[in-house]
Amino acid sequence: MNSIIDIENAVKNLSHKEFSEFKEWFSDYDQKKWDDQLNNDIINGNLNSLFNETLNEYNNGKCSKL
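What counts and how
- Residues numbered from 1 in each chain as written.
- Predicted model: local features only at pLDDT ≥ 70, side-chain atom pairs only at ≥ 80, totals over all residues.
- Heavy atoms only, no water.
- Helix = DSSP H or I, 4+ residues; strand = E, 2+ residues; numbered from the N terminus.
- Rg over C-alpha atoms; globule rule 2.2 N^0.38 Å.
- Buried < 20%, exposed > 50% of the residue type's maximum accessible area, 1.4 Å probe, protein only.
- Patch = residues over 30% accessible without salt bridge, like charges linked within 9 Å, V, L, I, M, F, W, Y side chains within 5 Å.
- Areas by Shrake-Rupley, 256 points an atom, 1.4 Å probe, with all protein chains shown as cover.
- Salt bridge = Lys/Arg side-chain N within 4 Å of Asp/Glu carboxyl O.
- Phe/Tyr/Trp six-rings, centres within 6.5 Å; stacked < 30°, edge-to-face > 60°.

Re the overall build of the chain
Here's step 1: When you go through the chain residue by residue, the secondary structure sums to three helices and zero strands.
Here's step 2: Starting at the N terminus and walking to the C terminus, you meet the elements of the chain as α-α-α.
Here's step 3: In terms of overall dimensions, the chain is more spread out than a globule: its C-alpha atoms have a radius of gyration of 20 Å, far above the 11 Å expected for 66 residues.
Here's step 4: Viewed in the frame of its principal axes, the chain has a C-alpha envelope of about 55 × 30 × 15 Å.
Here's step 5: Residues classed as buried in the chain amount to 2% of the 66 residues present.

Some remarks on a nonpolar patch on the surface
Here's step 1: Taken together, the side chains of Trp25, Phe26 and Tyr29 define a hydrophobic patch exposed on the protein surface, amounting to about 330 Å² of accessible area.
Here's step 2: Looking at where tyrosine 29 falls in the secondary structure, it is placed in helix α2 (residues 16-43).
Here's step 3: Take tyrosine 29: its relative accessible area is 39%, and that puts it in the partly exposed class.

Side note on the packing of aromatic side chains
Here's step 1: Scanning the entire structure with this criterion turns up five aromatic pairs.
Here's step 2: Three or more aromatic residues joined by ring pairs form one cluster here, namely Phe22, Trp25, Phe26 and Tyr29.

Examining the pattern of salt bridges
Here's step 1: Overall, the coordinates contain two salt bridges when judged by the stated rule.
Here's step 2: We note a salt bridge from glutamate 21 to lysine 17, for which the minimum N-O separation is 2.5 Å. Placement of the pair is glutamate 21 and lysine 17 together in helix α2, with a separation of four residues, close to one helical turn.
Here's step 3: On the basis of relative accessible area, glutamate 21 is assigned to the partly exposed category, the value being 43%.
Here's step 4: Between lysine 32 and aspartate 36 there is a salt bridge; the shortest N-O distance is 2.8 Å. Here lysine 32 and its partner aspartate 36 are both found in helix α2, four residues apart, which amounts to about one turn of the helix.

Any link to function would need more than the numbers given here.
Laid out in structure tokens, this is it:
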């Protein structure tokens, strides 16, 4: 498969059972990729500015209980 179109066509040709299995696999794969990216962002400090801004607003009483 050299392109998105090839992948789309392959997915379109899956049986109902195969498509259900693919959806489950893809959902798990997507969640893992998201978790990996989030962990990398945390390790690399990419979220530090957001954390500091949030902590500052909390310390200045700009937050309320949910």
